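Residue-level structural notes
Residue-level listing of the chains:
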Amino acid sequence: DVYKRQTPWGAEKALRNGLKGNILHVIFRPSWEFFRRYFLYLGFLDGVHGLLISLSSAAMIFFRYMKLWELCNKDYCRDVYLANLPPEKECSKEDS
């Protein structure tokens, strides 16, 4: 339930900031997030709790970038989404 509420918000924020999702983001961003949380932030010292937090964080990033990739690659979904944005938060409709 948390993923359903928070991943669209993160994807919408990234879309408003001009980030375009691609399959490389979907693959590498969650992997980097896990590596960063587990090794760089020393999550392995917390044992199973550190592992679960690292995996949960990586899963959240995965779903966020999947949603962003979906918004950027499905013209119908992206146009419907952009049409429902409030005017002050609307981003450009330029596609690459």
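Before going into details, it helps to say that this report is about the structure given with it. Remember, it's a predicted structure, so these values are computed and weren't measured experimentally. (Residues numbered from 1 in each chain as written. Predicted model: local features only at pLDDT ≥ 70, side-chain atom pairs only at ≥ 80, totals over all residues. Heavy atoms only, no water.)

With a phi close to 60°, L42 is a non-glycine residue in the positive phi region. Secondary-structure assignment places L42 in the loop between α2 (23–40) and α3 (48–73). (Helix = DSSP H or I, 4+ residues; strand = E, 2+ residues; numbered from the N terminus.)

This next bit is on the pattern of salt bridges. Two side chains of opposite charge can pair, provided their charged atoms sit close to one another. Following the criterion strictly, the structure yields two salt bridges and no others. When the shortest N-O distance is used, the salt bridge between R36 and E33 registers 2.8 Å. With a gap of three residues between them, R36 and E33 both fall in helix α2, about one helical turn apart. For E33, the salt bridge is made with R37, and the minimal N-O distance between the two is 2.8 Å. In this pair, E33 and R37 both sit in helix α2, four residues apart, roughly one turn of the helix. Several salt bridges share partner residues, and in doing so they unite E33, R36 and R37 into one network. (Salt bridge = Lys/Arg side-chain N within 4 Å of Asp/Glu carboxyl O.)

If you walk through the whole model with that rule in mind, you get seven aromatic pairs. Ring geometry for F39 versus F44: centroids 6.3 Å apart, planes at 40°, classification tilted. Residue F39 is classed as partly exposed on the basis of its relative accessible area, which comes to 40%. F44 gets classed as partly exposed once you look at its relative accessible area, which sits at 37%. (Phe/Tyr/Trp six-rings, centres within 6.5 Å; stacked < 30°, edge-to-face > 60°. Buried < 20%, exposed > 50% of the residue type's maximum accessible area, 1.4 Å probe, protein only.)

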